[in-house]
Amino acid sequence: MQAKRKAHQFCKDYVDLRIRRIQKQIDEVKSALSSESKSTAGDKHETGRAMLQLEREKLGQQLLEAEKMLQLLKKVPTETNSERVVLGSLVQTDHAYYYIAISAGRFETKDALIFCISPNTPMAKLLLGKALNEVINFNKMTSKIIAIN
């Protein structure tokens, strides 16, 4: 269970860092927009402002997605006692560990390499609902579930 708590914290840290990074970029774009002074080349000025506005919109969308990810993570139960793989499960197969929560990438502990994956990923879709000792096939590789926490 300790590995599961660490994986959950890794996911939380991942989202928090992402939100802070995007917010910083938005602040930089806002600053650039407010400091953009009208030059003698009017069209060039308007093009620069338009590019900054587009960048701000793109970052706003990324921030929205990161906030959705955080909301999903808050719904992930950290204490699951299911005989089947569910949201919040730490699944050990004979090849790898998977934490079903959000897509946050690889998390390494001294004991294991855990892949933090969203329930929407192909691997999670194969794992969800499976029980101990069931077998899945992914990318021409067969894996057996040997633990569900």
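Residues numbered from 1 in each chain as written. Predicted model: local features only at pLDDT ≥ 70, side-chain atom pairs only at ≥ 80, totals over all residues. Heavy atoms only, no water.

Caption draft 1: Local environment of the overall build of the protein. Per the secondary structure count, the protein includes three helices and six strands. Reading the secondary structure of the protein in the N-to-C direction produces α-α-β-β-β-β-α-β-β. Over its C-alpha trace the protein gives a radius of gyration of 21 Å, far above what one expects of a compact globule, namely 15 Å for 149 residues. A sequence separation of at least 24 residues applies to 54% of the contacts in the protein between residues at least 6 apart. As displayed, the protein has an accessible area near 9300 Å², and 52% of this comes from carbon and sulfur atoms. A gap of 3 Å separates the mean positions of the 24 positive and 17 negative side-chain charges of the protein. (Helix = DSSP H or I, 4+ residues; strand = E, 2+ residues; numbered from the N terminus. Rg over C-alpha atoms; globule rule 2.2 N^0.38 Å. Contact = heavy atoms within 4.5 Å. Areas by Shrake-Rupley, 256 points an atom, 1.4 Å probe, with all protein chains shown as cover. Lys, Arg positive; Asp, Glu negative; His and termini not counted. Charge placed at Lys NZ, Arg CZ, Asp CG, Glu CD.)

Caption draft 2: A look at the sheet that holds strand β6 (residues 141-148). The strand order across the open sheet formed by six strands is β3-β4-β2-β1-β6-β5, and the pairing between neighbours is mixed. Of all strands in the sheet, those with a lone pairing partner are β3 (105-108) and β5 (135-138), marking the two edges. Pairs of neighbouring strands in the sheet enclose a mean axial angle of 35°, with direction left out of account. Strand direction decides the pairing type here: β5 and β6, joined by four bridges, are antiparallel. In the strand pairing of β6, F138 is matched with M141. (Pairing = 2+ DSSP bridges. Axes fitted to C-alpha atoms, helices over the stretch in contact; angles between N-to-C directions.)

Caption draft 3: Local environment of the state of the cysteines. Evaluation of the coordinates by the stated rule reveals zero disulfides. For C11, which is in no disulfide, the shortest distance to another cysteine sulfur is to C116 and amounts to 3.6 Å. The exposure class assigned to C11 is buried, which follows from its relative accessible area of 0%. On the basis of relative accessibility, which here comes to 2%, the residue C116 falls in the buried class. (Disulfide = S-S within 2.5 Å. Buried < 20%, exposed > 50% of the residue type's maximum accessible area, 1.4 Å probe, protein only.)

Caption draft 4: Fine view of the pairing of strand β1 (residues 90-93). Inspection of the sheet shows β1 paired to strand β2 (residues 97-100) by three bridges, in the antiparallel sense. Residue L90 lies in a different strand from β2, and its bridge partner there is Y99.

Caption draft 5: Geometry of unusual backbone geometry. Backbone geometry places N133, a non-glycine residue, at a positive phi of 75°. The residue N133 is located in the loop between α3 (122-127) and β5 in this model. Its relative accessible area of 49% is what places N133 among the partly exposed residues. The phi dihedral of K140 is positive, around 60°, even though this residue is not glycine. Positionally, K140 belongs in the loop between β5 and β6. For K140, a relative accessible area of 89% corresponds to the exposed category.

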